[in-house]
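Now for the letters of each chain:
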Amino acid sequence: MKARAPGPRWRRITARAVLGTGLLLCAAVAWLGVRGALALGEATALRAAADRFEATLDAASSDAAHAASFLDRVSGDAGALAGHASTLASLTSDPVWLAAEHVPYAGAQLRAARVGAGELARLTAAGRDVLDASSGVLASVKPEGVDVDAVRALVEPLDDAVAAIGEARTALGGIDRTELVGPAASALGQLDDMIERVGPALEAMRATAVVVPPMLGADEPRTVLLMLQNPAELRAAGGITGTFIALRADGGAVEIADQADSTAFPPAARPMAHVPADASARADDGIGRFVQNITATPDFALSAELARAWWRQARGAEVDAVIAIDPLVLEPLLALTGPVSVEGEQLHAEQVVDTLLRRPYLEREQDAQSAYFRAVTDAVFTAALARPADAPGMAFHLAPLIDEGRLAVWSAHPAEQAVIAGTAAAGLAARMNQEEAHALLFDDLTGGKLDAYLDASFALTIQCRSDGRATILIRAELRSAVEPGVELPWRAFPAFGGFAREDIGLRLTALALPGAVAEGVWIDGAPAAWNAATVVGRPGAATRVTVPPGQSATVEFRFAGEAGATPALLHTPLVGDAPLALEGGCG
């Protein structure tokens, strides 16, 4: 049978179908073009709002005392940011946009834009809820103390914010970025960076909101032991512990209940609590027998247990928590409270290092030094406790000091300690594990109180080896700012350990990641005497170094470790800033 050619009717139907399809495609392209243009406009506005938000945060670092006005400003900026993010998410999630994501190449860009916008909208909304709850905390602050229920109300929005961070990491991790170019790749990279900056801060805020109310006596009165470290004589976790203050907290109100210095705690014949063999690089450090040495271990939980035992023996009282700080923590407190009067003189924030860590040892006898420390600490904390409305500003300034290791917290209540243990406030050993970091510990060997004149810089270098492992080099550049020929008032008394009285004498202990092996130590390029040591479960190497007045020394530790070693280094917090360089990598 002869086939018939299509008639005019079928040709018209086919033509109309083709034309309709073409029109639909053109409409879809036009729709995407319009939506894309609108999305681009929102993205530009979003970038501007983000810049304003960051500028507000930067300004807050110098104006944290006015916490209420700061939160008003940052809440307004956050609201604008959330609004633009929500609009952008809506523009990039309609059915046409979703269908276009299946187009080769261009679809990958569209999907990245949709997922990124959606996660950003979720994060900014969660962040705005946290800020609103924070404003509630400020509004509830009274002269007699902090409203602990308002602080607890922060937990739920912080839980949501932390969950949003986790979901965003998962969603962004599911995007194939091999086809992304230009704006899409850059935008996702910026979002990744924001999440990595904000995530740890939100987790720390949540831990604070959980732990602070019970510590402030929300459920029952609490006693918190404040332990002031002195980095003029270094110990692994900061400095010798010579001043102790007991704070009594009840229903959010805090007052000083008692205080003592190291003379109230005579040496013990036996350790005050069990001290593990790997608490420090030397078994005879006296960590459990001398109260000044309880921070010679990076394990702050052990230091806190020892401090609690010392206080129980000397004062016959239990403490619920221990907080260790070094004098540099007083700087932000004084910046907020203003100068305090001590012995008829005004103490300003910028004078803390010189007034507390240098002059007393040049001008005062030992008993007078301790009395002055007590007087300064009492004056500063009395002034701070009298200004509960400034607590958010204080927290703003104290947060970076926690990351520097200048403030550590421990609780005798297991549920609270379990929360603290996952934060930077848990102490140096905990941070080493959290960050998979190497560490460099300092211990003074002279008793000369000259470590306040120590300048230092550090470097961690990781190099690949032919055997598949890595060489890990930890280097410390040390310099004494003590002037040559200086006449020290205590020069007539011999220093410990055979050092000259004007020398800075230290034991440096480098700790690597588990599985590493120490290969040697060099001082100024020459092989040095050293001993292998295991400290808090980490392989390490320890050596002695002397830095005479005006001179310097370079100490280098070498380890063989796993190829995937993390290029991260923590160290004992020193009096001054210590620049850190991270170099190389392997695997």
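Above this text you will find the structure in question.
Draft legend 1. Representation of the overall build of the protein. Tallying secondary structure elements over the protein gives 15 helices and 18 strands in all. Residues counted as buried form 49% of the 587 residues belonging to the protein. Considering only residue pairs separated by 6 or more positions, the protein has 72% of its internal contacts joining residues 24 or more positions apart.

Draft legend 2. Molecular detail of the side chain of R235. Here R235 lies in the loop between β1 (222-230) and β2 (240-250). Given a relative accessible area of 9%, R235 falls into the buried group. Within the local environment of R235, its side chain forms a polar contact with the side chain of N293, the two groups lying 3.0 Å apart. Those residues in contact with R235 that lie beyond four places of it in its chain are I240, Q292, N293, T295, A296, F442, D443, D444 and T572.

Draft legend 3. Representation of the sheet that holds strand β9 (residues 454-464) within the structure. Across the sheet, which stays open at both edges, the 6 strands sit in the order β13-β12-β16-β10-β9-β18 with mixed pairing between neighbours. Of all the strands in the sheet, just β13 (526-527) and β18 (580-584) have a single pairing partner and so form its edges.

Draft legend 4. Focus on the nonpolar core. Core analysis: the biggest nonpolar cluster contains 80 residues, and F442, L478, F557 and F559 have the highest contact counts within it. For this core, the element with the highest residue contribution is helix α12 (residues 366-385), accounting for 6 residues. L120, A150, V151 and L188 belong to the second largest nonpolar core, which has 30 residues in total.

Draft legend 5. Quick look at the pairing of strand β7 (residues 407-411). Among the 5 residues of β7, 5 are classified as buried, and the element is accordingly described as predominantly covered. Every second residue of β7 is oriented toward a common face, with L407, V409 and S411 on one face and A408 and W410 on the other, all of them buried. Looking at chain direction, strand β4 (residues 321-325) and β7 are connected through 5 bridges and run antiparallel. Each residue of the ladder has a partner; that of I323, found in β7, is V409.

Draft legend 6. Inspection of the packing of helix α6 (residues 155-173) against helix α7 (residues 182-215) at higher detail. Put simply, α6 and α7 touch, their axes get as near as 9 Å, and they point 150° apart. The angle between α6 and α7 falls in the class roughly antiparallel. For the pair α6 and α7, the crossing hand works out as left-handed. Here V155, L158, D159, A161, V162, I165, A168, R169 and L172 of α6 come into contact with α7, specifically with L188, L191, D192, I195, E196, G199, L202, E203, M205, R206, A209 and V210. Here the residues of the contact of α6 with α7 are counted per class, giving 14 nonpolar, 1 polar and 6 charged.

Draft legend 7. Up close: the sheet that holds β2. Taking strand neighbours across the sheet as the criterion, the 5 strands line up as β3-β2-β1-β4-β7 in an open arrangement whose pairing is mixed. In the strand order of this sheet, the two ends are held by β3 (253-261) and β7, each with one partner. Strand-to-strand twist across the sheet, computed as the mean angle between neighbouring axes with direction ignored, equals 20°. Taken together, the 5 bridges between β1 and β4 define a ladder with parallel strand orientation. Within the sheet, the bridge partner assigned to L226 lies in β4 and is I323. Contacting β1, β2, β3, β4 and β7, helix α8 (residues 300-315) crosses the sheet at an angle of about 70° to β7.

Draft legend 8. Representation of the pairing of β1 within the structure. Across the 9 residues that make up β1, a large majority, 9, are buried. Examined bridge by bridge, β1 and β2 share 9 bridges and lie antiparallel to one another. In the sheet register, R222 faces β2, and the bridge partner there is A249.

Draft legend 9. Quick look at helix α15 (residues 428-435). The set of residues buried in α15 consists of L428, A429, A430, R431 and M432. Two residues or fewer past α15, E436 is found with a positive phi of approximately 50°.

Draft legend 10. Quick peek at the pattern of salt bridges. Counting across every chain of the model gives 22 salt bridges. When the shortest N-O distance is used, the salt bridge between R507 and D285 registers 2.9 Å. Of this pair, R507 sits in strand β11 (residues 504-511) while D285 sits in the loop between β3 and α8, and the two are 222 residues apart along the sequence. It is possible to trace a salt-bridge network through shared partners that takes in E220, R222 and E416.

The rules we used
- Residues numbered from 1 in each chain as written.
- Predicted model: local features only at pLDDT ≥ 70, side-chain atom pairs only at ≥ 80, totals over all residues.
- Heavy atoms only, no water.
- Helix = DSSP H or I, 4+ residues; strand = E, 2+ residues; numbered from the N terminus.
- Buried < 20%, exposed > 50% of the residue type's maximum accessible area, 1.4 Å probe, protein only.
- Contact = heavy atoms within 4.5 Å.
- Polar contact = N/O pair within 3.5 Å; in protein donor to acceptor, adjacent residues only side chain to side chain.
- Pairing = 2+ DSSP bridges.
- Core = buried A, V, L, I, M, F, W, Y, C linked by side-chain atoms within 4.5 Å.
- Axes fitted to C-alpha atoms, helices over the stretch in contact; angles between N-to-C directions.
- Parallel < 35°, antiparallel > 145°, perpendicular 65-115°, else oblique.
- Left-handed = near helix turned anticlockwise from the far one by under 90°.
- Nonpolar A, V, L, I, M, F, W, Y, C, P; charged D, E, K, R; others polar.
- Salt bridge = Lys/Arg side-chain N within 4 Å of Asp/Glu carboxyl O.

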